Amino acid sequence: MKYVSTRGRIEPLEFQDAVMMGLGDDGGLLVPQQIPNVADRLADWAKLPYPELAFEVISLFATDIPRDDLRDLINRSYVGTFDSDPEVAPITPAGDMFVMELWHGPTMSFKDVALQLLGNLFEYILAKRGGKLNIVAATSGDTGSAAICGVRGRKGVNIFVMHPAGRVSPIQERQMTSVLDANVHNIAIDGSFDDCQRIMKTLACDLEFKQTYSLGAVNSVNWARVLAQTVYYFQGAFKLQRLTGAATIRACVPTGNFGDILAGWYAMKMGAPISQLVLATNHNDILSRFFNSGVYSGGDVHHTLAPAMDIQVASNFERYLYHKVGDDPGRLSSLMQQFADTGSLQIDCESPGVVDSIFRAGSTVDDDILAAIRDCYNANEYLVDPHTACGLSVIGSGEFDRSVPTLCVSTAHPAKFPDAIEQATGQDLAHHPAIDALDDLPTRCEPIANDPQAVADFIVKTIQQ
Ligand SMILES: *Cc1c(COP(=O)(O)O)cnc(C)c1O
């Protein structure tokens, strides 16, 4: 399998090169040249435990890694690393929904599923090729801790994680800044998450800087992350088929950077038995507005109870748009240029108000999030975090055909967001021993201005020490 850029200006790459490149050197995102169709394998795949299913899916895309090596990388990522072991993505029924809990990994968000694998991939590739990798990441909360956890202490890798100062939850901040390994560097940017993401893109698009300092990416611009996430859509759909007897299912996904739901889209395109994707945003509704109108236009960032989705410019959206315009890099580049120039782009709807019949989309405000947490707890004695609650709220408000079973993607453990839980339920219910223990740990973090040059200077100074 070869990888090409959405902007069409780099030569096709092998998987390992795509993983190391992160963002395409031409500023685009790397995508597989074809999407394999696995319809004839579904019956066999449905019987596989998670690591074996992951091997089957990932081996179609990571064709330049010897099969035994890949099997070993996958086992090290998914056997014994999740507290739900041997399951990675267990499903809990809540009312007539099925909640897929993706937060049983070491940092308690779904991002562990991809970043455990990515950390192992980086180490494997560097061990074979030699050299170093300096990862630069922007986080609105959970990517940072999951990425740090994936690469802490690994040879040849430094990680620099920018978060918006004071805009991630105190727990998320401590999960990052309490990791004191010498290769881990936290940076608090005086700005928003979009500012952090812009700085990251500025550095990654400065090719001379990127090559001189071997920059890599762990954000969901890295193809390996999206790929790792496709696996649980297959497994979740298979499980719901078994539980309900339905032929196809619907997946409801809380969305910020369009990474997780894009993985669901790729799984569906490969043939996973999913008939509909429901996209749920918080008050930052650029994506839900797009899917209901065809217009993609940014606005101001609102701070919400679901901060990992406080995003206006969804970097992974470019991959979807590329496929939507028929894998045409010229068309995609001109749309992105239009967005860069005017803050807005538009594509034609398939029918009035429907951009893509696969997707339904809705947005929520904080009161909806609180109501969804409360209602779910009162009805089922089951707590969901505020991001998962966005999904429950959108599903609860729409006129969805209840005969299609719904897989609600649950992205974080509720104990990561205790204030929202307490606001919703009036009780202090959300705890996890690993999170309670964070309070007493020492931390390390560098405050830096909202300026790419200042961040570049810090990176260079740190690498040279
Ligand atoms: C990152 C994150 C999201 C959004 O995921 P995307 O892939 O960016 O759409 C949702 N919920 C939680 C808890 C997250 O950490």
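Before any of the text, the structure's been laid out above.
A brief look at the structure comes next.

Criteria and thresholds
- Residues numbered from 1 in each chain as written.
- Predicted model: local features only at pLDDT ≥ 70, side-chain atom pairs only at ≥ 80, totals over all residues.
- Heavy atoms only, no water.
- Near = heavy atom within 4 Å.
- Polar contact = N/O pair within 3.5 Å; in protein donor to acceptor, adjacent residues only side chain to side chain.
- Areas by Shrake-Rupley, 256 points an atom, 1.4 Å probe, with all protein chains shown as cover.
- Nonpolar A, V, L, I, M, F, W, Y, C, P; charged D, E, K, R; others polar.
- Axes fitted to C-alpha atoms, helices over the stretch in contact; angles between N-to-C directions.
- Helix = DSSP H or I, 4+ residues; strand = E, 2+ residues; numbered from the N terminus.
- Parallel < 35°, antiparallel > 145°, perpendicular 65-115°, else oblique.
- Left-handed = near helix turned anticlockwise from the far one by under 90°.
- Contact = heavy atoms within 4.5 Å.
- Pairing = 2+ DSSP bridges.

## Describing the site of the ligand
Moving on, step 1. Neighbouring the ligand are 14 residues, the closest being Lys111, Asp142, Asn257, Asp260 and Thr411.
Moving on, step 2. Gly259 is positioned with one of its backbone polar atoms (N or O) 3.3 Å from an oxygen atom of the ligand.
Moving on, step 3. One of the backbone nitrogen or oxygen atoms of Asp260 is found 2.8 Å away from an oxygen atom of the ligand.
Moving on, step 4. For the ligand, the protein covers 98% of the area, taking 380 Å² as the surface of the free molecule.
Moving on, step 5. Residue composition of the shell around the ligand, by class: five nonpolar, six polar and three charged.

## Details of the packing of helix 3 (residues 50–59) against helix 4 (residues 67–78)
Moving on, step 1. In the contact formed by helix 3 and helix 4, the axes pass within 9 Å of each other and the chain directions differ by 135 degrees. Relative to helix 4, the element helix 3 lies oblique. Two packed elements cross with a definite hand, and for helix 3 against helix 4 that hand is right-handed. Judged by residue contacts, Tyr50, Pro51, Ala54, Phe55, Ile58 and Ser59 of helix 3 engage Arg67, Leu70, Arg71, Ile74, Asn75 and Tyr78 from helix 4.
Moving on, step 2. Partitioned by chemical class, the residues of the contact of helix 3 with helix 4 number eight nonpolar, two polar and two charged.

## Details of the sheet that holds strand 6 (residues 157–164)
Moving on, step 1. The strand order across the open sheet formed by five strands is 8-5-6-7-15, and the pairing between neighbours is parallel. Looking at the sheet topology across the chains shown, the edges are occupied by strand 8 (215–216) and strand 15 (446–448).
Moving on, step 2. Bridge analysis of strand 5 (residues 133–138) against strand 6 gives six bridges, and the strand direction is parallel. Within the sheet, the bridge partner assigned to Ala138 lies in strand 6 and is Met162.
Moving on, step 3. Helix 6 (residues 142–151) rests against strand 5, strand 6 and strand 7 (184–189) of the sheet, and its axis sits at about 170 degrees to strand 6.

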